[in-house]
Amino acid sequence: MSDDALNTDQDWLMEESTCNPLKMAQWETLFTLANGYCGLRGSLETSPLLGDPGFFVAGVFDTVEGGKDELVNLPAWVGLELNMGGFDLDITEGEVLNYRRRLNMRSGTLECKIDYRDPAGRTTRWESKRLVGINKPHLGMIWGTITPLDYSDKATLTGSIDAWSTKYGSDSGQNHYEDLEAGDLGEGEGIELGLKTSGTGILVAEAARIEIEEESSRSVRVEDDLVAESLSFQMKEGIPVSFSKKVSFFTSRDVADPAEKARKKLKAFAKLPAEKLAEEHRREWAKIWADSDVVIEGDPRAQKAARFNIFHLASLGNSRDDRVSLGAKGLHGNGYKGQVFWDTEQYMVPFFTYTCPEAAKALLKYRYNLLEDARSNAARVDCPGARFPWNSSFHGREEQFKAFGWQDHQTADVAYAVDSYVRATGDREFYLDSGAEMIIETGRFWTGRVEWDADKRAYVITHITGSDEIHTSIENNALTNYLARFNLLRAARAVQDLREAGRWDKLRQRLGLEDDEDENWRAIAKDIYMTSTEPQGFHEQFDSFFELEDRMADRSMKPVEYTGKVLGGLEETQVNKQADTALLYYLFPDDFPDEMRRKGFDYYEPRTAHCSSLSRSIYAALGAQVGRTEEAYRLWLKGAEVDYDEEASCDGGIHAASLGGAWQALVFGFAGMQINNDGSPVFEPNLPSHWKRLCFRIQWRGERMKVDLRPGTGDVSSQ
Ligand code: IFM
């Protein structure tokens with residue numbers, strides 16, 4: 001965007017200026033570089049073992065005995081160690097004179113600069129950059145210079161692929177590596193390490209090679225679970241020596257012989273200068289930013305927060321693979337075992353729908369590909385149609401599922417995301433081939449999930465949990481009931497659309513449905529019970545919610561203080577963990593009057609602990625929509641900085657849903673984007689009073705639109 005000129009570079013940088021080993025795991029998450037295919041945690045290359053090194057490839061899960069399948073932490077290729085005449089550049093031993101690492105979000109690189117005084121009193125400067133190829137998914141690269149500032153001596157640079165340090169680094173602590181094999185590819189060719197995941201039998205291969213510009217002698221150390229290539233060379237005082245480490249990685253999910261492919265690719269990468277590869281990478285990131293940047297003028301802190309959220313979310317997009325989705329902790333750590341939650345459809349997919357529709361489609365197709373498992377889940381609880389699991393991995397079977405009482409809205413959330421995607425893109429092919437079937441199958445689930453309540457003369461949903469996880473196994477959660485209603489009505493419309501396209505009969509026969517089944521869905525939807533809005537003027541969150549002890553959330557409590565026990569103790573109170581009825585009002589802005597939504601915001605927000613990172617962004621979006629703009633701003637900023645403010649707790653990965661929520665609050669909240677009756681986007685902005693401008697692009701039905709808003713004026717133009 002040419003608008004960038006107005007922003008200082010600082011808005012594009014996340015910086016770590018002192019090395020605190022206690023904070024290393026947090027920085028590793030913040031400094032993770034991902035490209036949708038894989039994610040590399042931001043470990044310090046010169047001392048990776050100071051933190052929790054992690055390298056994850058989307059879809060490389062393994063089975064866990066007696067537990068949930070998990071994303072496997074793969075061998076760490078990040079290590080690049082330097083020895084200067086017998087002294088290691090080890091920041092725990094010598095003196096660190098200067099230390100700075102920074103994530104350059106504009107170019108998608110991690111930069112590091114360390115001035116290090118070794119125990120002999122000599123100073124060495126280490127300067128590096130790192131990337132994970134955004135246009136070359138199988139490339140990792142670290143490159144830079146080493147400068148002996150005040151001495152000359154021999155040095156050895158060692159690049160490793162290390163399965164030893166990551167072997168027990170998946171969430172469960174179990175080892176998933178089998179058939180580990182490390183090898184030397186020969187002079188000028190590099191090293192390699194391969195393995196097979198023990199339960200799922202996925203082959204993984206990594207090949208790496210280091211180079212320096214000086215004449216050097218090479219040696220290789222091959223161990224059972226580690227291989228290291230060393231180059232020894234002469235350093236001269238004040239003269240920088242350039243180095244690079246290039247890495248290639250493949251799995252048997254990509255190709256039949258990943259080892260062969262990794263070797264070949266490494267050879268090809270080796271032929272290209274590091275700067276050329278970096279330039280291509282920067283150009284590709286510039287394209288991503290051109291589609292997805294949000295410019296905020298008048299608030300540098302908010303600008304940086306917006307970019308941080310967009311950077312990490314955009315780095316997870318992957319239009320190439322519809323067999324994977326986005327874990328709740330991204331590819332940034334082993335938290336939640338890399339499992340996919342409803343976070344993807346309600347929080348992350350909208351960003352891709354409007355900035356990179358191909359990536360959104362791949363995410364939706366992931367669910368489509370697991371529809372058979374979702375059908376089995378529904379059958380297990382005697383319901384027709386399809387029920388998506390609470391957690392999903394390389395399969396969609398509900399693990400550890402016992403009975404109703406937990407959340408079911410994730411099934412309707414998938415239908416909601418499909419509907420929004422189809423509306424925004426006009427992707428008729430996807431809709432007719434897969435989207436409509438997903439909406440129909442999820443809609444059918446609710447026909448079995450609801451029960452007729454003769455007293456209420458309505459269909460009710462009992463033993464349910466809304467998005468607020470403090471109050472579990474409740475009756476008639478307003479959010480879930482309304483989503484079920486939406487799902488049923490939308491399914492009936494999908495039947496109509498398929499009929500008109502001449503595609504209904506075939507699907508109907510395949511699913512074994514009657515021709516007029518959609519009538520029944522409409523009838524059920526019409527009679528789905530909704531909690532009362534009287535006399536308070538907004539929905540009771542679930543039956544008898546208002547009979548619970550009225551208590552405000554304790555704002556002095558930090559999120560980590562909300563343990564399971566503390567949350568359990570709040571069950572008899574009105575304190576919520578996260579947005580629930582507020583989410584209902586946010587998702588369906590046209591279905592409820594603004595006054596009702598505002599009253600709901602005013603009531604529920606003070607009673608919400610926001611101890612889930614999925615909470616503040618929704619309140620921010622809703623608050624902005626209903627005119628509580630300054631409150632919305634405070635909530636937005638706190639939510640957008642959740643992974644790097646003073647209370648941050650993200651050692652196990654990024655809060656990926658929060659990234660998407662932050663973007664949604666900007667676009668649907670402060671910019672007030674809504675879809676008109678004629679199906680086109682309109683904007684009713686509510687900018688925080690100190691913002692001078694909010695500017696971004698979205699894609700709508702194949703067209704790029706620029707939205708440029710300033711206090712009191714706004715401009716929406718096609719690009
Ligand atoms: O899906 C969420 C849930 O809503 C709150 N706890 C964390 C989960 C994963 O982010």
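Now for a description of the structure that goes with this document.

Here's the deal with the site of the ligand
Stage number 1. The full set of residues close to the ligand is A328, Y336, F341, W342, D343, W390, E469, K577, Q578, S612 and L614.
Stage number 2. At a separation of 2.9 Å, an oxygen atom of the ligand approaches a polar side-chain atom of W342.
Stage number 3. One nitrogen or oxygen atom from the side chain of Q578 is found 3.1 Å from an oxygen atom belonging to the ligand.
Stage number 4. In the complex, the protein chains occlude 92% of the 280 Å² of accessible area that the ligand would expose alone.
Stage number 5. Tallied by class, the residues present in the shell around the ligand amount to six nonpolar, two polar and three charged.

Re empty space enclosed by the protein
Stage number 1. Evaluation of the coordinates by the stated rule reveals two cavities of 30 Å³ or more.
Stage number 2. Of the pockets and cavities examined, the largest cavity occupies roughly 150 Å³.
Stage number 3. Along the walls of the largest cavity sit 18 residues, with A58, S325, L326, G327 and L331 positioned nearest its centre.
Stage number 4. Considering only residue class, the lining of the largest cavity consists of nine nonpolar, eight polar and one charged.
Stage number 5. Mapping the lining of the largest cavity onto the domain boundaries places at least three of its residues in each of domain 1 (11-290) and domain 2 (326-531).
Stage number 6. In this structure, the second largest cavity spans a volume of roughly 40 Å³.
Stage number 7. If you trace the second largest cavity, you find it lined by L316, G317, N318, D321, V324, L326, F352, A359 and L363.
Stage number 8. Per-class residue counts for the lining of the second largest cavity are six nonpolar, two polar and one charged.

Focus on the packing of aromatic side chains
Stage number 1. Applying the stated rule across the entire model yields 42 aromatic pairs.
Stage number 2. Their ring planes at 80° and their centres at 5.7 Å tell us that F341 and W390 sit as a pair that is edge-to-face. Remark: W390 occurs in the loop between α7 (371-380) and α8 (409-425) and F341 occurs in the loop between α4 (300-314) and α5 (343-355); sequence separation between them is 49 residues. Comparing F341 with W390 shows no difference in burial state: the two are buried.
Stage number 3. On the numbers, 4.9 Å between centres and 55° between planes, the contact of Y482 with F592 is tilted. Of this pair, Y482 sits in helix α10 (residues 478-500) while F592 sits in the loop between α14 (581-587) and α15 (594-604); the two residues are 110 residues apart in sequence, bridging distant segments of the chain. F592 matches Y482 in its accessibility class, with the two residues each being buried.
Stage number 4. By way of ring pairs, the aromatic residues F351, F352, Y354, W663, F668 and W700 are connected into one cluster.
Stage number 5. Across the ring face of Y151, the terminal group of R122 is positioned such that the distance to the ring centre comes to 4.2 Å.
Stage number 6. It is R607 that lies over the ring of Y603; its NZ or CZ is 3.6 Å from the centre.

Section: the environment of T32
Stage number 1. Summarising the element assignment, T32 is placed in the loop between α1 (24-30) and β2 (33-34).
Stage number 2. With a relative accessible area of 0%, T32 lands in the buried category.
Stage number 3. Residues T32 and Q574, spaced 542 residues apart in sequence, show a C-alpha to C-alpha distance of 38 Å.
Stage number 4. In contact with T32, not counting residues within four places along its chain, are G39, L40, R41, G42, F311, H312, L331 and H332.
Stage number 5. In terms of polar contacts, T32 uses its side chain to reach the backbone carbonyl oxygen of E28, at 2.8 Å.

A short note on the sheet that holds strand β7 (residues 80-84)
Each strand in a sheet pairs with its neighbour through backbone hydrogen bonds, running either in the same direction (parallel) or in the opposite one (antiparallel).
Stage number 1. Judged by pairing direction, the sheet is antiparallel, and its five strands sit side by side in the order β8-β7-β13-β18-β17 without closing on themselves. The two strands at the open ends of the sheet, each matched to only one other strand, are β8 (87-88) and β17 (217-222).
Stage number 2. When strand β13 (residues 153-162) meets strand β18 (residues 226-235), the two strands line up antiparallel, connected through 10 bridges. In the sheet register, D162 faces β18, and the bridge partner there is L226.

So, the environment of C38
Stage number 1. As for its position among the elements, C38 is in strand β3 (residues 38-40).
Stage number 2. For C38, a relative accessible area of 0% corresponds to the buried category.
Stage number 3. Separated by 368 residues in the primary sequence, C38 and W406 place their C-alpha atoms 32 Å from one another.
Stage number 4. Dropping the residues within four chain positions of it, C38 is found in contact with L33, F55, F56, V57, V132, P137, F249 and L331.

Conventions we followed
- Residues numbered from 1 in each chain as written.
- Predicted model: local features only at pLDDT ≥ 70, side-chain atom pairs only at ≥ 80, totals over all residues.
- Heavy atoms only, no water.
- Near = heavy atom within 4 Å.
- Polar contact = N/O pair within 3.5 Å; in protein donor to acceptor, adjacent residues only side chain to side chain.
- Areas by Shrake-Rupley, 256 points an atom, 1.4 Å probe, with all protein chains shown as cover.
- Nonpolar A, V, L, I, M, F, W, Y, C, P; charged D, E, K, R; others polar.
- 1 Å grid on protein atoms, 1.4 Å probe; cavity = no way out; pocket = protein on both sides within 12 Å on 5 of 7 lines; lining within 4 Å.
- Points joined across faces, edges and corners; volume = space filled by probe spheres on them.
- Domains from an automatic or database assignment.
- Phe/Tyr/Trp six-rings, centres within 6.5 Å; stacked < 30°, edge-to-face > 60°.
- Helix = DSSP H or I, 4+ residues; strand = E, 2+ residues; numbered from the N terminus.
- Buried < 20%, exposed > 50% of the residue type's maximum accessible area, 1.4 Å probe, protein only.
- Lys NZ or Arg CZ within 6 Å of the ring centre and 35° of its normal.
- Contact = heavy atoms within 4.5 Å.
- Pairing = 2+ DSSP bridges.

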